[in-house]
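Each chain, letter by letter, is given below.
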Amino acid sequence: MSDGIYNSPEDVVGVLTERIEARFGMAMAQLTVAVTSAPTAHPEATDVVKWHGMLVASQQALDQAEDDLLAALDTQPREIDDPTMGLAHRVNDAVTARDGRALVVRWLLDPHALGKKGLAAERLSRLRPRTGPAVQTSAPSRPAGATAPTTAWRSTRAAR
């Protein structure tokens with residue numbers, strides 16, 4: 001990223017947290033409480049808090065994967081065995097997940113990001129969950145013991 005987020009990989013979460021706090025004018029803990037108490041009041045804040053939570057979780061998974069890899073490397077002779085190589089792949093996967101989530105948070109915070117204006121934004125807004133009840137798509141259920149109503153078609157068909 002060209003804006004310096006990745007100057008220090010450990011700071012990815014910290015930098016984005018600061019941007020979120022500046023954007024919404026409150027500490028992350030306060031924003032999380034506000035979104036939890038009224039998730040539909042500010043959909044943009046709700047999305048940012050959701051993705052920030054996933055970012056934090058992926059950073060924790062990355063930290064754990066790195067610790068596991070370092071511990072395994074301390075016990076390795078000159079050549080790395082398959083289980084340790086698996087840990088290295090786990091670290092790579094964790095970095096990819098963390099970076100992807102960081103990109104989403106960054107996109108959510110950028111009001112001028114590609115796809116936030118025009119037709120793309122309109123299509124994106126249609127993907128938001130409904131805030132009201134959905135239209136009923138199934139027939140209403142009948143009380144137990146009730147028989148199906150006889151229609152004119154059924155009654156004339158049976159008489160033939």
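All of the points below concern the structure found in this document.

Looking at the overall build of the protein chain
Phase 1 of the analysis: From N to C terminus, the protein chain includes six helices and zero strands.
Phase 2 of the analysis: Shown N-terminal to C-terminal, the secondary structure of the protein chain runs as helices and strands in the order α-α-α-α-α-α.
Phase 3 of the analysis: Restricting the contact set of the protein chain to residue pairs at least 6 apart, pairs at least 24 apart contribute 56%.
Phase 4 of the analysis: Total accessible area on the protein chain stands at roughly 11,500 Å², and carbon and sulfur atoms take up 57% of it.

Description of the environment of Val105
Phase 1 of the analysis: Within the secondary structure layout, Val105 lies in helix H4 (residues 82–109).
Phase 2 of the analysis: Spatially, the C-alpha atoms of Val105 and Ile20 are 8.7 Å apart, while their sequence positions differ by 85 residues.
Phase 3 of the analysis: Once residues lying within four places of it in the same chain are set aside, the contact partners of Val105 are Leu16, Ile20, Trp51, His52 and Leu55.

Observations concerning the nonpolar core
Phase 1 of the analysis: With 16 residues, the main nonpolar core has Ile20, Phe24 and Leu31 as its most contacted residues.
Phase 2 of the analysis: Sequence-distant contacts of Leu31, defined by excluding residues within four places in its chain, comprise Ile20, Phe24, Met26, Ala45 and Val49.
Phase 3 of the analysis: Core analysis: the second largest hydrophobic core is formed by seven residues, Leu62, Leu87, Val91 and Ala94 among them.

Points about the packing of aromatic side chains
Phase 1 of the analysis: In total, this model carries zero aromatic pairs according to the counting rule given.
Phase 2 of the analysis: Sitting above the plane of the Phe24 ring, Arg23 keeps its charged end 4.8 Å from the centroid.

Some points on the packing of helix H3 (residues 43–74) against H4
Think of two packed helices as two axes; the pair is described by the angle between the axes and how far apart they sit.
Phase 1 of the analysis: One way to put it is that H3 packs onto H4 with a least axis distance of 8 Å and a crossing angle of 160°. The angle between H3 and H4 falls in the class roughly antiparallel. In the packing of H3 onto H4, the handedness of the crossing is left-handed.
Phase 2 of the analysis: Residues belonging to the contact of H3 with H4 are distributed by class as follows: 21 nonpolar, five polar and seven charged.

Rules of the game
- Residues numbered from 1 in each chain as written.
- Predicted model: local features only at pLDDT ≥ 70, side-chain atom pairs only at ≥ 80, totals over all residues.
- Heavy atoms only, no water.
- Helix = DSSP H or I, 4+ residues; strand = E, 2+ residues; numbered from the N terminus.
- Contact = heavy atoms within 4.5 Å.
- Areas by Shrake-Rupley, 256 points an atom, 1.4 Å probe, with all protein chains shown as cover.
- Core = buried A, V, L, I, M, F, W, Y, C linked by side-chain atoms within 4.5 Å.
- Buried < 20%, exposed > 50% of the residue type's maximum accessible area, 1.4 Å probe, protein only.
- Phe/Tyr/Trp six-rings, centres within 6.5 Å; stacked < 30°, edge-to-face > 60°.
- Lys NZ or Arg CZ within 6 Å of the ring centre and 35° of its normal.
- Axes fitted to C-alpha atoms, helices over the stretch in contact; angles between N-to-C directions.
- Parallel < 35°, antiparallel > 145°, perpendicular 65-115°, else oblique.
- Left-handed = near helix turned anticlockwise from the far one by under 90°.
- Nonpolar A, V, L, I, M, F, W, Y, C, P; charged D, E, K, R; others polar.

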